[in-house]
Amino acid sequence: MPTSLVREEKISVSDLESFAIQEQLSGQMAYLTLMVSGLARFETGDWSRAITRFSQAIEAPEPEGMIGSEVVYLYRGTAHGMLRHEAEGDANLTKCIKINPKLSEAFNNRGYIRGFIRQKPDLDCALCDSTRAIELNSCFYTALINRGVVLRHKGESAAAVHDYYRAVECDPENYLAFISRSTRNVLLHAAGEQEDFR
């Protein structure tokens, strides 16, 4: 078992028999159970129930030295985004970033909400978030695709195609980068533009 998930403590028998330790362990177990239940709902696309479970987990005592609340905020924010709850999604992902500013997925997902979910997209903020995600993980395939789409919407075709090529290099088996790159190349060709982005 990874040492980051294990916390060794010396506890006396009287502590184990006390109601306080049982209550503490009960709360921490509730947190983990609700988080896992939320993740299971998330994976099946049951966004509303996932949000409910993650919200309940946030209210339970967080186990020290284990999976932190930033993960719960990440998934709850992403689930809100999937339901097009832009304000709630943005707020949860911002909270996640405040707790752990090195979590590239949070920047990417917040950028997606800001650039594609909002009724009035903020492409500049989406670009900043996608760029930060890539700075944290230079081969973050999804962030490269998202940033490419934002750049395309901003009229920066060369930079968009460059990100698509980088995404293909990072994950040659994934078809989305190929489609994005090919679509952009067809549009460039139709417009009579000849560009080499390698």
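Our subject is the structure that appears above.
### So, the packing of aromatic side chains
Tallying each qualifying case throughout the model produces four aromatic pairs. With a centroid separation of 4.9 Å and an interplanar angle of 90°, the aromatic rings of Phe-42 and Tyr-75 are classed as edge-to-face. Linking Phe-42 in helix α2 (residues 19-43) with Tyr-75 in helix α4 (residues 69-82), this pair joins segments that are 33 residues apart in sequence. Assessed through its relative accessible area of 12%, Phe-42 is described here as buried. With relative accessibility at 24%, the residue Tyr-75 sits in the partly exposed group. For the pair Phe-54 and Tyr-75, a centre-to-centre distance of 6.2 Å together with 35° between the ring planes defines the contact as tilted.

### Some points on the side chain of Asn-92
Structurally, the position occupied by Asn-92 is in helix α5 (residues 86-99). A polar side-chain atom of Asn-92 sits 2.8 Å from the main-chain carbonyl oxygen of Glu-88. Setting aside residues up to four positions removed in sequence, Asn-92 forms contacts with Tyr-73, Arg-76, Gly-77 and His-80.

### Observations regarding the side chain of Arg-110
Looking at the element boundaries, Arg-110 is found in helix α6 (residues 104-117). For Arg-110, a relative accessible area of 10% translates into the label buried. For Arg-110, the residues in contact, after removing those within four places along its chain, are Asp-90, Leu-93, Thr-94, Ile-97 and Asp-129.

### Side note on the pattern of salt bridges
One pass over the full model with this rule turns up ten salt bridges. One salt bridge connects Asp-129 with Arg-114, and the closest N-O pair in it is separated by 3.4 Å. Taken together, the residues span a long stretch of sequence, with Asp-129 in helix α7 (residues 123-136) and Arg-114 in helix α6 at a distance of 15 residues. The pair Asp-129 / Arg-114 is uniform in exposure class, with both members buried. Close ionic contact of Arg-132 with Glu-135 constitutes a salt bridge, the shortest N to O distance being 3.2 Å. Residue Arg-132 and its partner Glu-135 are both found in helix α7; the two are separated by three residues, about one turn of the helix. The class of Arg-132 is partly exposed, set by a relative accessible area of 31%. For Glu-135, a relative accessible area of 55% translates into the label exposed. In this structure, a network of salt bridges that share partners links the residues Asp-90, Arg-110, Arg-114, Arg-118, Asp-122 and Asp-129.

### Description of unusual backbone geometry
Of note, Arg-84 is a non-glycine position whose phi angle comes to about 65°, a positive value. Looking at the secondary structure, you find Arg-84 in the loop between α4 and α5. Residue class for Arg-84 comes out exposed when judged on its relative accessible area of 52%.

### A few points about the state of the cysteines
According to the stated counting rule, one finds one disulfide in the structure shown. A sulfur-sulfur distance of 2.0 Å marks the disulfide that ties Cys-139 to Cys-170. On the S-S bond that ties Cys-139 to Cys-170, the torsion sits near -120°, and the link is left-handed. Note that Cys-139 is positioned in the loop between α7 and α8 (141-153) and Cys-170 in helix α9 (residues 157-170), a separation of 31 residues in sequence. Taking the relative accessible area as the measure of exposure, Cys-139 reaches 41% and is therefore partly exposed. Using a relative accessible area of 24% as the deciding quantity, one classes Cys-170 as partly exposed.

What counts, and where the lines are drawn
Residues numbered from 1 in each chain as written. Predicted model: local features only at pLDDT ≥ 70, side-chain atom pairs only at ≥ 80, totals over all residues. Heavy atoms only, no water. Phe/Tyr/Trp six-rings, centres within 6.5 Å; stacked < 30°, edge-to-face > 60°. Helix = DSSP H or I, 4+ residues; strand = E, 2+ residues; numbered from the N terminus. Buried < 20%, exposed > 50% of the residue type's maximum accessible area, 1.4 Å probe, protein only. Polar contact = N/O pair within 3.5 Å; in protein donor to acceptor, adjacent residues only side chain to side chain. Contact = heavy atoms within 4.5 Å. Salt bridge = Lys/Arg side-chain N within 4 Å of Asp/Glu carboxyl O. Disulfide = S-S within 2.5 Å.

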